Each structure stands twice: as structure tokens, then as C-alpha cells.
Amino acid sequence: VQLQASGGGLVQAGGSLRLSCAASTRTFSSYVWGWFRQAPGKEREFVAAITGSGGLISYTDSVKGRFTISRDNAKNTVYLQMNSLKPEDTAVYYCATSGSSYTGKRLDRHEYRFWGQGTQVTVSS
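**Q** Pulling in residues and values, what's your account of the packing of aromatic side chains?
**A** Applying the stated rule across the entire model yields seven aromatic pairs. A centroid spacing of 5.8 Å and a plane angle of 75° characterise the contact between Phe36 and Phe46, whose relative ring orientation is edge-to-face. Of this pair, Phe36 sits in strand S4 (residues 33–38) while Phe46 sits in strand S5 (residues 45–50), and the two are ten residues apart along the sequence. By relative accessible area, which is 0% here, Phe36 ends up buried. The rings of Phe36, Phe46, Tyr94, Tyr112 and Trp115 are connected pair by pair, giving a single aromatic cluster. The lysine or arginine in question, Arg44, covers the ring of Tyr94, its NZ or CZ lying 3.7 Å from the ring centre. For Arg44, the ring lying beneath its charged end belongs to Trp115, and the centroid distance is 4.8 Å.

Each value, and the rule that gives it
- Residues numbered from 1 in each chain as written.
- Predicted model: local features only at pLDDT ≥ 70, side-chain atom pairs only at ≥ 80, totals over all residues.
- Heavy atoms only, no water.
- Phe/Tyr/Trp six-rings, centres within 6.5 Å; stacked < 30°, edge-to-face > 60°.
- Helix = DSSP H or I, 4+ residues; strand = E, 2+ residues; numbered from the N terminus.
- Buried < 20%, exposed > 50% of the residue type's maximum accessible area, 1.4 Å probe, protein only.
- Lys NZ or Arg CZ within 6 Å of the ring centre and 35° of its normal.

Below, the structure written as C-alpha cells:
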């Protein structure tokens, strides 16, 4: 499985960005997909996850109400719409998939086997 993330950039606080993650896999619709981020000097942390059917969506508390994860199975693409961005959202954002339909550990980054290259998001104050 190969993942290609895009859509990062520099934005002022309060602005919006939409990240995209295009995947090369025939079983895209079956897998759990997630977004993670890593700020300088910090560990990679969970941001959001979505299951194969889109029926189960999870967010870390700090982005609830501001970020929206979605998927387009016809395009093999996962999105992360980020609104009301804050300087503390600055990080490299990674998309990832567990490569399975198991949802029990969807918040655990160690559960994800395949990772994109990351895209930089910088929010200025």
C-alpha cells in the first residue's frame, strides 16, 4: 500500500486547509484510515480515524469541532478538513492505514502499518 499526502501549507490562525491522502490499494474501502501529526520535539500523535464504511469516526479532543475526516472510496482518497486552525496545530501531518478492517485499536499509531510521507502544516499567529 502506497500513500501520498498533500494539501499542507502556511496559513494564518483561524484559517482552513484540506489535506488529501491518495492510496494505491484495491481494498481501500475495507481498511481503517487515520491522520496523525508530529510537532518538533514531540511524539507522533493521533488526530482522527475513519473506518471502512465511514460509520465510525474518532477525533482527538483538541480537534473536535474543528477538523473533519472523510473518505471517498471511489477515489481511494481520505481527507482531513481543518478549520479554525491554531498555532498549536502546526506539525507534519501523516496519513496512515492499518491495512485491516479491525477497529479496536484505531487510535493507536502502532496499529498502523502503512504511512504516507507527511505534509507540513504551519499556522502563524
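Now that the structure has been shown, the text picks up again.
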